[in-house]
Amino acid sequence: QVQLVESGGGLVQPGGSLRLSCAGSGFTFNSYAMSWYRSAPGKDRELVAAIGSSTNYADSVKGRFTISRDNAKNTVYLQMNSLKPEDTAVYYCNAARKLVLREYSYWGQGTQVTVSS
């Protein structure tokens, strides 16, 4: 059974930091590209950061957020610094793998990040 379990969300003041974690199980973690998405009220879910053979970031978080992974622990992280109120959202972890004939995509349950004074 595939599971992605996020943790590390919470309430933080503007300018503060949080580190999100996502622990995967039930699949071959190191064969999957891992990503963080976020969903804010009234907005579409957006890609925040992804890590596979390379990393990429949404323009809105470049220089502030860092994605990393520890394949030995089956865990992906999102270090978020200099947080802004507009970073408030539910953050979701995604695992994805594309094969010739099939694609796999798994989602976590999400963790709430609120940036407010």
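For clarity, every value in this text was computed on a predicted model and none was experimentally measured.

This brings us to the pattern of salt bridges. The tally for this structure, following the rule as stated, stands at four salt bridges. Between Asp59 and Lys62 there is a salt bridge, and its shortest N-O distance comes to 3.1 Å. Across the pair, Lys62 and Asp59 agree in class, each one exposed.

This next bit is on the sheet that holds strand β3 (residues 18-25). On the basis of which strands lie adjacent, the open sheet formed by four strands has the order β1-β3-β8-β7 and antiparallel pairing. Each of the sheet's edge strands pairs with one partner strand only, and the pair in question is β1 (3-7) and β7 (65-70). For this sheet the average axis-to-axis angle between neighbouring strands, irrespective of direction, equals 15°. As defined by bridge partners, β3 adjoins strand β8 (residues 75-80) across six bridges and the pair is classed as antiparallel.

Calculation criteria
- Residues numbered from 1 in each chain as written.
- Predicted model: local features only at pLDDT ≥ 70, side-chain atom pairs only at ≥ 80, totals over all residues.
- Heavy atoms only, no water.
- Salt bridge = Lys/Arg side-chain N within 4 Å of Asp/Glu carboxyl O.
- Buried < 20%, exposed > 50% of the residue type's maximum accessible area, 1.4 Å probe, protein only.
- Pairing = 2+ DSSP bridges.
- Helix = DSSP H or I, 4+ residues; strand = E, 2+ residues; numbered from the N terminus.
- Axes fitted to C-alpha atoms, helices over the stretch in contact; angles between N-to-C directions.

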